[in-house]
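These are the residues of each chain, in order.
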Amino acid sequence: MNARTSLVHSPSREALKCLVMALAALAPGGAVSAAGAAQAQAVAPASPSAQRGTLLRDVQPQGQRIATTWRAAHELEVVRLVTQTGEREPNTAEVPLVARSVEALRFVDEVLARDARGVRDFRREYDSASASLEMRDRLAPVESSLRSRVELTSDLTGTRVRHVWNPDGTVGRHYDQREAREALLANVGGPLAWGGLLRDAPVELASEWDISPSALAVLFAPVGELGYRGPAEGGDPQLVRSFLQGLGGNLHLGFAGHVQGTARGQLFELGVVDGHKRATVRVTFEIELTADGTDFARRRALETEREDGVEVLESSTRHVLKGAVDVRWDVDGRRPLDARLTADETVELRIVVQPEEGERATQRVEFKGTCTIEMALAPAPKASNEPGDIAPGDTEPGDIKRGQDARGGSDRK
């Protein structure tokens, strides 16, 4: 902690005073050591406003551009593979495989217009989006453990998607210039809803509050669907389909399904860094996501399944995530700075198929492991207007209108 940093942490001030006294007793001549001096500074409130409570808000001003980088990594070991044919007893197999994935995004958000109701015109630029997933044999030497690997790219990379709120509360979405698949517009995300992690009222240091489990989508699936594709040739189609259904990423499907569990926020840290008021919000959570992937599995049927006349009857994905995230907040700037998340993760993929000839078969694969996510947000340079740009507040003919929340995510003032 440097001389320009003054932070107050959530442990009680009495505990900190005791620590300072102990450090003072250990320092030569009875003087407080550098660490003790820093703690002594932390014992004092960062400002009088900290005693009255701090209001954390999430408001991106009109015209401001914010660049976000997001990286998620999953490491998941197969716990069991259970197969049941017809009414026979299920057969459980031990499969020594580990799935590892990395998903990376960079996008720039700009509020083009807002009023008392919130954001009315918004644009997101997808600079880059990619993912990789591999399967390794955990019993084999590292140099020969790789069993399968796929690299995925997003159809949205290089596009800009415009969101315009209509008077009736619906939202029109369209591509500004370069276009990707029209169908993707139905499930792309709008403004990042950071406000779902905050309270509507001022909070004291160490105070806690309940958070809706669905609000964690801003961390696990910040931009909705990304339209990932596997390689045109080669690659493992089964592995691609597993990733797209939620193995090692692509969790927007889970948050679009049934979400339950608990999440709790705490004002963990408050102070001043280089003259700027900073806060850390710590969120602990244990949530479960359940998604019906039957239609998806049918659309992504493998070539061998089609050739053999295999019909997908049911498919589902279940995630259990338990962990914590620290979100650093710019109190005066009314926006998040970065976030670091770690969680224990359980994934269960289940599918029921009916061969053209033969008995119905059910397969369930359970994985357990960890997930880490890092996010960073910073102002981005103003983009130059290019041919085809639309003035804020205008819309294009043929906008696709979706019945979405007209508030456009979090928008506290």
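Please refer to the structure higher up on the page.
Because the structure is predicted, anything quoted here is derived from the model rather than measured. (Residues numbered from 1 in each chain as written. Predicted model: local features only at pLDDT ≥ 70, side-chain atom pairs only at ≥ 80, totals over all residues. Heavy atoms only, no water.)

Novice: Can you help me understand the overall build of the protein chain in this one?
Specialist: Per the secondary structure count, the protein chain includes eight helices and 16 strands. In the protein chain, which comprises 413 residues, the proportion classed as buried is 49%. Once local pairs closer than 6 in sequence are excluded, the contacts in the protein chain between residues at least 24 apart make up 75%. Accessible surface computed for the protein chain: about 19,800 Å², of which carbon and sulfur atoms make up 50%. (Helix = DSSP H or I, 4+ residues; strand = E, 2+ residues; numbered from the N terminus. Buried < 20%, exposed > 50% of the residue type's maximum accessible area, 1.4 Å probe, protein only. Contact = heavy atoms within 4.5 Å. Areas by Shrake-Rupley, 256 points an atom, 1.4 Å probe, with all protein chains shown as cover.)

Novice: Please clarify how the nonpolar core should be interpreted in this entry.
Specialist: Across soluble globular proteins, nonpolar side chains have a tendency to be buried as a group. Counting residues in each nonpolar core, the largest one holds 76 residues, and the members touching the most others are Trp194, Leu216, Leu219, Phe220, Phe285 and Phe367. For Phe285, the contacting residues outside a window of four places in its chain are Leu216, Phe220, Thr262, Ala263, Leu321, Lys322, Gly323, Ala324, Val325, Leu341, Thr342 and Ala343. (Core = buried A, V, L, I, M, F, W, Y, C linked by side-chain atoms within 4.5 Å.)

Novice: Hey, could you run me through the side chain of Arg173 in this one?
Specialist: Mapped onto the fold, Arg173 is located in strand S8 (residues 171-175). Buried within the structure, Arg173 lacks any salt-bridge partner; Glu225 is the closest side chain of opposite charge, at an N-O distance of 10 Å. Here Leu185 takes part through its backbone oxygen, which lies 3.2 Å from a polar atom of the side chain of Arg173. (Lys, Arg positive; Asp, Glu negative; His and termini not counted. Salt bridge = Lys/Arg side-chain N within 4 Å of Asp/Glu carboxyl O. Polar contact = N/O pair within 3.5 Å; in protein donor to acceptor, adjacent residues only side chain to side chain.)

Novice: Just to check I follow, could you spell out helix H5 (residues 237-244) for this structure?
Specialist: Spacing of three or four residues puts side chains on the same side of an α-helix, whose turn is 3.6 residues. Among the eight residues of H5, six are classified as buried, and the element is accordingly described as predominantly covered. Among the residues of H5, Leu239, Val240, Arg241, Ser242, Phe243 and Leu244 are the ones counted as buried. Measuring from the backbone nitrogen of Gln238 back to the side-chain oxygen at the start of H5 gives 3.0 Å, which picks out Asp236 as the cap. Count one or two residues on from H5 and you reach Gly246, which has phi positive near 120°.

Novice: Can you walk me through the pairing of strand S14 (residues 335-354) in this structure?
Specialist: The side chains of a regular strand alternate, first on one face of the sheet and then on the other. In terms of residue burial, S14 counts as a mostly covered element, since 15 of its 20 residues are buried. Strand direction decides the pairing type here: strand S13 (residues 311-330) and S14, joined by 19 bridges, are antiparallel. Within the sheet, the bridge partner assigned to Arg318 lies in S14 and is Glu348. What sits between S13 and S14 in their antiparallel hairpin is a turn of four residues, with Arg334 showing a positive phi close to 55°. Pairing analysis gives 16 bridges linking S14 to strand S15 (residues 361-379), with the strands arranged antiparallel. Considered in S15, the bridge of Asp344 is made with Thr370. The hairpin turn running from S14 into S15, its antiparallel successor, is six residues long, and Gly358 in that turn takes a positive phi close to 125°. (Pairing = 2+ DSSP bridges.)

Novice: Explain the environment of Arg328 here, please?
Specialist: With respect to the element layout, Arg328 can be found in strand S13. You can call Arg328 partly exposed: its relative accessible area is 36%. For the pair Arg328 and Glu269, spaced 59 residues apart in sequence, the C-alpha to C-alpha distance is 8.9 Å. When residues no more than four places from it in sequence are discounted, the contact partners of Arg328 are Ala279, Thr280, Pro336, Leu337 and Asp338. At 2.8 Å, the side chain of Arg328 forms a polar contact with the side chain of Asp338.

Novice: Looking at this structure, I do not really get the packing of aromatic side chains. What am I missing?
Specialist: To describe a pair of aromatic rings, you give the distance between the ring centres and the angle between the ring planes. If you walk through the whole model with that rule in mind, you get four aromatic pairs. Consider the rings of Phe220 and Phe255, whose centres lie 6.1 Å apart with planes at 25°: the pair is stacked. Pair noted here: Phe220 is in helix H4 (residues 217-220) and Phe255 is in helix H6 (residues 252-256), with a separation of 35 residues, a long-range link. Each member of the pair, Phe220 together with Phe255, is buried. Here Tyr228 and Phe243 contribute two aromatic rings whose centre-to-centre distance is 5.7 Å and whose plane-to-plane angle is 70°, an arrangement assigned as edge-to-face. Of the two residues, Tyr228 is situated in strand S10 (residues 228-229) and Phe243 in helix H5; the sequence distance between them amounts to 15 residues. This pair shows no difference in class: Tyr228 is buried, exactly as Phe243 is. Members of the aromatic cluster, each reached through a chain of ring pairs, are Phe220, Phe255 and Phe285. (Phe/Tyr/Trp six-rings, centres within 6.5 Å; stacked < 30°, edge-to-face > 60°.)

Novice: What am I meant to see in the environment of Glu288 here?
Specialist: Looking at where Glu288 falls in the secondary structure, it is placed in strand S12 (residues 276-292). Residues Glu288 and Val347 lie 59 residues apart in sequence; the distance between their C-alpha atoms is 9.9 Å. Sequence-distant contacts of Glu288, defined by excluding residues within four places in its chain, comprise His258, Val259, Gln260, Arg318, His319 and Val320. Side-chain polar atoms of Glu288 contact the side chain of Arg318, separated by 3.2 Å.

Novice: Hey, could you run me through a negative patch on the surface in this one?
Specialist: A cluster of acidic residues, Glu303, Glu307, Asp308, Glu356 and Glu357, forms a negative patch on the protein surface. Locating Glu356 in the fold gives a position in the loop between S14 and S15. (Patch = residues over 30% accessible without salt bridge, like charges linked within 9 Å, V, L, I, M, F, W, Y side chains within 5 Å. Charge placed at Lys NZ, Arg CZ, Asp CG, Glu CD.)

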